[in-house]
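Overview (structure and organization)
Spelled out, the chains give:
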Amino acid sequence: MVEAWLEGIGVWGPGMTGWPGCRARLTGEGGDGEYAQPPAAALSAQERRRSTATARLAAEVAAQACAAAHRDPADYATVFSCSAGDLANVDAICRTLARDPRLLSPTRFHNSVHNAPGGYWGIAGGCEEPSNSIAAGADSFAVGLLEAAVQCAVEATPVLLVAYDLPGPAPWDAVCRIETGFGVALALSPAAVTGAPRLTLRHDAAAAAEVTLEDAALEQLRRGNPAARSLALLAALAAGNVREVALAAGDNNLVIGISDGRL
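Small disclaimer: the values here were computed from a predicted structure and weren't measured.

Description of the overall build of the protein
The helix and strand inventory of the protein stands at 10 helices and 8 strands. Taking 263 residues into account, the globule formula puts the C-alpha radius of gyration at 18 Å, and the protein, at 18 Å, falls close to it. Taking the principal axes of its C-alpha atoms as reference, the protein extends roughly 55 × 40 × 35 Å. Burial status across the protein gives 50% buried among its 263 residues. A total accessible area of about 11400 Å² is found for the protein, and carbon and sulfur atoms account for 51% of it.

Points about helix 3 (residues 53-69)
Working note: α-helix, 3.6 residues per turn, so residues spaced by three or four point in the same direction. Between its first and last C-alpha atoms helix 3 spans 25 Å; for 17 residues at 1.5 Å apiece the expected length is 24 Å, and the two agree. A large share of helix 3 lies buried, amounting to 12 of its 17 residues. Buried residues along helix 3 sit against strand 1 (2-12), helix 1 (19-26), strand 2 (77-81), helix 6 (116-125), strand 4 (159-165) and strand 5 (182-189). Just beyond helix 3, the residue with positive phi is His70, at close to 60 degrees.

Observations regarding helix 9 (residues 216-224)
Every buried residue of helix 9 is accounted for by Leu218, Glu219, Leu221, Arg222 and Gly224. The distance from a side-chain oxygen at the start of helix 9 to the backbone nitrogen of Ala217 is 3.0 Å, and the residue carrying that oxygen is Asp215.

Topic: the sheet that holds strand 5
Pairing in this open sheet of 8 strands is mixed, and the strands run 3-2-4-5-1-6-8-7 from one edge to the other. Strand pairing shows two members of the sheet lacking a second neighbour, strand 3 (131-134) and strand 7 (244-249), which therefore form its edges. Neighbour to neighbour, the strand axes of the sheet diverge by 30 degrees on average, direction disregarded. Sheet strands in contact with helix 3 are strand 1, strand 2, strand 4 and strand 5, and its direction is about 120 degrees off that of strand 1.

A few points about the packing of helix 1 against helix 10 (residues 231-239)
Where helix 1 meets helix 10, the closest approach of the two axes is 9 Å, and the angle between their N-to-C directions is 85 degrees. Compared by their axis directions, helix 1 and helix 10 come out roughly perpendicular. Counted together, Trp19, Cys22, Arg23 and Leu26 of helix 1 and Leu231, Leu234, Ala235, Leu237 and Ala238 of helix 10 form the full contact between these two elements. Residues belonging to the contact of helix 1 with helix 10 are distributed by class as follows: 8 nonpolar, no polar and 1 charged.

Thoughts on the side chain of Arg229
With respect to the helices, strands and loops of the structure, Arg229 is situated in the loop between helix 9 and helix 10. Classification of Arg229 as buried rests on a relative accessible area of 17%. Sequence-distant contacts of Arg229, that is, excluding residues within four places in its chain, are made with Ala138, Phe141, Glu210, Arg222, Arg223 and Leu247.

Some remarks on the side chain of Thr200
Position of Thr200 among the secondary structure elements: in strand 6 (residues 197-204). Given a relative accessible area of 15%, Thr200 falls into the buried group. Thr200 has contacts with Met1, Val2, Glu3, Val255, Ile256 and Gly257, leaving out every residue within four places of it along the chain.

With respect to unusual backbone geometry
Note the cis peptide between Ala170 and Pro171, where omega equals 5 degrees. By the secondary structure assignment, Pro171 is in the loop between strand 4 and helix 8 (172-175). With a phi angle near 60 degrees, His70 is a residue other than glycine that sits in the positive phi range. With respect to the secondary-structure elements, His70 resides in the loop between helix 3 and strand 2.

A closer look at the environment of Val193
In this fold, Val193 is placed in the loop between strand 5 and strand 6. Along the sequence, Val193 and Gly15 sit 178 residues apart, while their C-alpha atoms lie 29 Å from each other. Apart from residues no more than four positions distant in its own chain, Val193 is found in contact with Trp5 and Glu7.

Calculation notes
- Residues numbered from 1 in each chain as written.
- Predicted model: local features only at pLDDT ≥ 70, side-chain atom pairs only at ≥ 80, totals over all residues.
- Heavy atoms only, no water.
- Helix = DSSP H or I, 4+ residues; strand = E, 2+ residues; numbered from the N terminus.
- Rg over C-alpha atoms; globule rule 2.2 N^0.38 Å.
- Buried < 20%, exposed > 50% of the residue type's maximum accessible area, 1.4 Å probe, protein only.
- Areas by Shrake-Rupley, 256 points an atom, 1.4 Å probe, with all protein chains shown as cover.
- Expected span 1.5 Å × (residues − 1).
- Contact = heavy atoms within 4.5 Å.
- Polar contact = N/O pair within 3.5 Å; in protein donor to acceptor, adjacent residues only side chain to side chain.
- Pairing = 2+ DSSP bridges.
- Axes fitted to C-alpha atoms, helices over the stretch in contact; angles between N-to-C directions.
- Parallel < 35°, antiparallel > 145°, perpendicular 65-115°, else oblique.
- Nonpolar A, V, L, I, M, F, W, Y, C, P; charged D, E, K, R; others polar.

Shown next as structure tokens:
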């Protein structure tokens, strides 16, 4: 079992442009909405032009979480978790290679690397702490959270988890179905933070199946984007009275205990 304190949350998704709006939606006080492109104001104008929609989504939620935690982004080691990478960019590369490889842009190539969003964030925040970029299919959020919490506890350092996914074009959507964009960031501390929830994580093969949401639209979002599997945990945090959440994470479920404060 490992533990960490959750000191800040960032969220971007359909009708959700931050944790306050997400919390309102999860508690029935907010309405549905369409996915909008995030401003990603943490990136410079030059980096926004060079980056892809995937990197801008990651930068947006990462900046929100750091602001909510009242910490400098440079303080955090980072874990970036994305189930499939930048499918739109990879599709464009494949089409260019099939047509005329000489036309392939170096910028498009470097944006295809799985840790490109982490690189943009490191530039934006001046962060020189360690950064990992992982993928675990539909379980990417849960695996990313476990990775971030373990690093936070073992290294005794604050860690920022950033999970994000965007839909890909045909024919990618036939084999990697992502229905809409969603991103979430959790700022974790290894030491107690006043008012912050304490998360305890453990693997448990006998745990109940992962939580589903009663709201049909939210459940569709949860199932339709790997990063949105976080909505089960976010709903528990928003309600404030749920003490344990199970998420699918490979062969064993990841069980997350929630205690103490509330964001």
